[in-house]
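# Observations on the three-dimensional arrangement
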Amino acid sequence: MQRILLRYRYWPVPVVVWTMLVVASWLWNQALVEHKLMHLAQDRAEFVFKMVETARLWNARHGGVYAAIDERTPPNPYLKVPEREITTPSGVELTMVNPAYMTRQLIEVVAERTDLRLHLTSLKPLNPKNQADAWEAVQLEKFTRGAGEVLETVREEGGERFRFMAPLKVEEPCMKCHRHQGYQIGDIRGGLSVSFPAPPLRAQEAVQLRRIGMMHLIVWALVSALILFGLVRFRRHLFELETAKAQTELLVQERTAELREQVLERQQAEAQLRLFIESSGEGILGMDLRGRCTLANPEAVRLLRAQPEQLLGKDLPALIHARHSDGTPHSAQSCALHRTLQDGQAVHDDSDVFWRMDGTSIPVEYRSHPLYADGYLLGAVVTFSDISQRRAAEATLRKLSSAIEHSPAAAVITDRQGLIEYVNPRFSEMTGFDAADVLGQNPRIWQSGLTPLKTYQRLWATINAGELWEGEWQNKTRQGQVFWARARISPIRSEDGEITHFVLLMEDISAHKAQEETIWHQANYDSLTGLPNRTLFAQRLNQALTQAERNNAQSGLFYIDLDGFKAVNDNLGHAAGDLLLQEVARRLLACVRDSDTVARLGGDEFAVILSQVSGRGGAVHVAQNILRSLQVAFLLGEDAAHVSASIGIAFYPEHAATADALMRAADAAMYAVKAAGKGDYRFADAADGSGGTAC
């Protein structure tokens, strides 16, 4: 078993066995579905057969029925019975319809209404139309030998069909028509075959087989994966057992070696301890119960600026801890070193000083630990370090903290995951969030939703790479007011270079942005009509041509000049002319889509950019709308004025390949309208010189 688990070449065996089981299950399910399909087809055929047989029995029990003679129901020449035709008192001629005749008529109706094909047949048919085909003849022979109903699939010219056939036995009511043929009650007198197309049921079968196949495939894949996973786990477990066994043997060997080395280690322990004390980065002093120095390592001697003999055997509390940092003397109760020797109390302090042999003091962080042996206090060990640099750093940090607290910019400090740990007062003034509202929260709480997601993605990519990010974004205050801010985010690194925090400095530039927006709007929009001016129009025209080229589409340009505007200015004044230009702008905007551009180029000249226009028909529609709109009288205060427009139309790329050329083409078409009588539109000449189209 272990060999099978450890060697990969045996692993396919269980997968192959499982695959064979799945294949066997699939074949069994396929056979089961086929069986169900045949059963369903047989049920359908049996139902039709029994319905026809029931109708025949009803007819036979009534001795046949009479129907009016017409072209659909002529007399049955093969029916040899008395009173086959009768005449009603009203003179209607009737003919007897026996079961066989009625069955043939039912077959014709069924064939007209459904895809079922029924055939009444016999080995001794009276009617040649009831002659059995090859397949039916075989089944009739089987019926005479005692076989029952049969269902098979056969291939015909129209495709695969289900064929069902059941025997028709002679019953007492049947003897009226078939006694002369020598039949006895219970004989097989023929059969009724039912056939219908197989593809509809085959389609349902295919859906079931696909579903079953998919289920088998999924189960096969899952179990195969579990088998392989189990083999991997068992193999790993065996390797772990082997490894554990090897490690145990190694541990025994190592323990034996350790026992042999313990004596040597004990001999080395004292030397190692002394080496540790002497190489320690902290000062170490030992005291007996009377406070006399019993040990001073080199770092302690260096920090106290002493010679070993100046310390050893001397009263340490009196020598290095006799006074506070301000020079006032320590009492026995206030001296922590005395407390350790008196009541065995461990002491830690980083707010005191030790006095050097040259009379200067040194700020220290020290710990005084009692020494016990068998429960008895023997003395104490004092460890200390110079914290002069730390005190200086703390002073610098206090200065920086004060600077941030009083900074005119909002300051935020977050951890590596972006959770807020500090905000300064200016942040609260700018955003309306108190420190308690945001500490522990993510900065997204003041996002406005107006800054693009890509900005934040670039931001995080930059600062996670350890670089400074600078940018602008739109935030919202606690009250929901949106404001613009310029931000700088810097990573803060630990001593080992890992990023631990981020610091954000943020300034409110909303007023500056508003001023920029005003300046931009004044530079790009017509102050009278509010429409884009010539500068912005040129930019949008270039954009429209670029987009049309990218999408392999057309863009249209209308060059519009008002007819009769000078008369309005001269007769009604410039104020009226301004009102008319504003109303013209409004009407032009109403005639185009939101994606189109209407611009005022100057004076009474306007332009319209139709982005991705749908051929000349779309342009004609817009031009006609514009002309009709401008024909309506303009109410200018107490006066009314009428103007019209001359429109030149040019298409990119049909009439020109550049913005300037397109403008010239539309301008030329407009002047052609002017020359032809004004108040109309005209298409530009084609770019190849083949001529234009005027309307």
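Predicted model, so just to flag it, every value in this text is computed and none were measured.

### Some details on the overall build of the chain
In terms of helices and strands, the chain carries 20 helices and 25 strands. What you see for the chain is a C-alpha radius of gyration of 54 Å, clearly larger than the 26 Å of a compact globule of 695 residues, by over 25%. If you line up the chain on its principal axes, its C-alpha atoms span 155 × 110 × 50 Å. Considering only residue pairs separated by 6 or more positions, the chain has 56% of its internal contacts joining residues 24 or more positions apart. Total accessible area on the chain is roughly 40100 Å²; 55% of this is exposed by carbon and sulfur atoms.

### Here we look at the sheet that holds strand β13 (residues 410–415)
Taken together, five strands build an open sheet; the order of strands is β14-β13-β17-β16-β15 and the sheet is antiparallel. On the outer flanks of this sheet lie β14 (420–423) and β15 (469–476), each paired with one strand and no other. When strand polarity is set aside, the average angle formed by the axes of neighbouring strands in this sheet is 30°. Here eight bridges tie β15 to strand β16 (residues 482–493), and the two strands are oriented antiparallel to one another. Counterpart to E472 in the pairing with β16 is R486. Against the sheet, helix α15 (residues 510–524) contacts β15, β16 and β17 (499–508), and its axis sits at roughly 125° relative to β16.

### Description of the pattern of salt bridges
As enumerated under the stated definition, the model contains 29 salt bridges in all. Across the pair E34 and R202 runs a salt bridge, and its minimum N-O distance is 2.8 Å. Here E34, found in helix α2 (residues 12–61), pairs with R202, found in helix α6 (residues 199–279); they are 168 residues apart in sequence, far enough to count as distant. Accessibility expressed as a relative area gives 27% for E34, which makes it partly exposed. Across the pair D570 and K566 runs a salt bridge whose closest N-O atoms are separated by 2.9 Å.

### Section: the state of the cysteines
This model, assessed by the stated rule, comprises zero disulfides. As a non-bridged cysteine, C293 has C335 as the owner of its nearest cysteine sulfur, 14 Å distant.

### Let's talk about the confidence of the model for the chain
Put simply, the chain has an average pLDDT of 85, and 94% of its residues get 70 or more. In the predicted structure, residues 688–695 sits below a pLDDT of 50 and forms 16 contacts with residues beyond four places in sequence or in another chain.

### Brief notes about a nonpolar patch on the surface
A cluster of nonpolar side chains, contributed by M214, L217, I218 and L222, occupies part of the molecular surface with about 390 Å² of accessible area. Relative to the elements of secondary structure, L217 occurs in helix α6. Note on L217: relative accessible area 49%, which makes it partly exposed.

### Observations regarding the packing of α15 against helix α16 (residues 534–551)
At a closest axis distance of 6 Å, the pairing of α15 and α16 adopts a crossing angle of 85°. When the axes of α15 and α16 are compared, the pair comes out roughly perpendicular. Contacts from W520, A523 and N524 of α15 reach α16 at T535, L536 and Q539. Tallied by class, the residues present in the contact of α15 with α16 amount to three nonpolar, three polar and no charged.

### A word on the packing of aromatic side chains
Summed over all chains, the structure comprises 11 aromatic pairs. Each ring, one from F49 and one from F164, has its centre 6.2 Å from the other, and the planes form 70°; the classification is edge-to-face. Of this pair, F49 sits in helix α2 while F164 is found in strand β6 (residues 159–169), placing the two residues 115 residues apart along the sequence. Between the aromatic rings of W460 and F502, the centroid separation amounts to 6.0 Å while the plane-to-plane angle is 90°, which identifies the pairing as edge-to-face. Remark: F502 occurs in strand β17 and W460 occurs in helix α14 (residues 453–464); sequence separation between them is 42 residues. Here W460 falls in the partly exposed class, since its relative accessible area comes to 33%. We classify F502 as buried; its relative accessible area is 3%. An aromatic cluster of three or more residues is present, and its members are F354, Y366 and F384. Residue placement shows R323 over the ring face of W355; its charged tip is 3.8 Å from the ring centre. The ring of F634 has R587 lying over it, and the distance from NZ or CZ to the ring centre is 3.8 Å.

### Remarks on unusual backbone geometry
Omega for the bond connecting Y652 with P653 falls within 30 degrees of zero, at 5°, which places this linkage in the cis form. Residue placement: P653 occurs in the loop between β23 (644–652) and α20 (659–676). One non-glycine residue, E83, lies in the positive phi region at around 55°. Positionally, E83 belongs in the loop between β1 (65–68) and β2 (85–87). The phi angle at N552 is positive, at roughly 55°, despite the residue not being glycine. Tracing the chain through its elements places N552 in the loop between α16 and β18 (555–563).

### Concerning the nonpolar core
Of all hydrophobic cores here, the largest spans 36 residues; its most connected members are F558, I560, L562, L580, I626 and I647. Contributing elements (two or more residues each) for this core: β18, α17 (565–572), α18 (574–590), β20 (605–610), α19 (615–631), β21 (634–636), β23 and β24 (681–685). Examining the composition of this core, we find that seven residues originate from one element, α19, more than from any other. Every residue in contact with I560, bar those within four places of it in the chain, is listed here: L588, D604, E605, F606, V608, I626, A645, S646 and I647.

### With respect to the environment of L545
Residue placement: L545 occurs in helix α16. Residues L545 and V154, 391 residues apart in the sequence, show an inter-C-alpha distance of 66 Å. For L545, the contacting residues outside a window of four places in its chain are S555, Y652, T658, A659 and L662.

### Things to note about the pairing of strand β3 (residues 93–97)
Within β3, four of the five residues are buried, which leaves the element mostly enclosed by the surrounding structure. Here β1 pairs with β3 via four bridges, running antiparallel. Among the inter-strand pairings, A67 is bridged to a residue of β3, identified as T95. Remark: five residues form the turn of the hairpin made by β2 and β3, two consecutive strands paired antiparallel; G91 in that turn has positive phi of roughly 95°.

### Quick word on the environment of G190
With respect to the helices and strands, the residue G190 is situated in strand β7 (residues 188–197). Along the primary structure G190 and L151 are separated by 39 residues, whereas in three dimensions their C-alpha atoms are 16 Å apart. Contact partners of G190, with chain neighbours within four places excluded, come to T121, S122, L140, A166, P167 and L168.

About the cut-offs
- Residues numbered from 1 in each chain as written.
- Predicted model: local features only at pLDDT ≥ 70, side-chain atom pairs only at ≥ 80, totals over all residues.
- Heavy atoms only, no water.
- Helix = DSSP H or I, 4+ residues; strand = E, 2+ residues; numbered from the N terminus.
- Rg over C-alpha atoms; globule rule 2.2 N^0.38 Å.
- Contact = heavy atoms within 4.5 Å.
- Areas by Shrake-Rupley, 256 points an atom, 1.4 Å probe, with all protein chains shown as cover.
- Pairing = 2+ DSSP bridges.
- Axes fitted to C-alpha atoms, helices over the stretch in contact; angles between N-to-C directions.
- Salt bridge = Lys/Arg side-chain N within 4 Å of Asp/Glu carboxyl O.
- Buried < 20%, exposed > 50% of the residue type's maximum accessible area, 1.4 Å probe, protein only.
- Disulfide = S-S within 2.5 Å.
- pLDDT = per-residue confidence, 0-100.
- Patch = residues over 30% accessible without salt bridge, like charges linked within 9 Å, V, L, I, M, F, W, Y side chains within 5 Å.
- Parallel < 35°, antiparallel > 145°, perpendicular 65-115°, else oblique.
- Nonpolar A, V, L, I, M, F, W, Y, C, P; charged D, E, K, R; others polar.
- Phe/Tyr/Trp six-rings, centres within 6.5 Å; stacked < 30°, edge-to-face > 60°.
- Lys NZ or Arg CZ within 6 Å of the ring centre and 35° of its normal.
- Core = buried A, V, L, I, M, F, W, Y, C linked by side-chain atoms within 4.5 Å.

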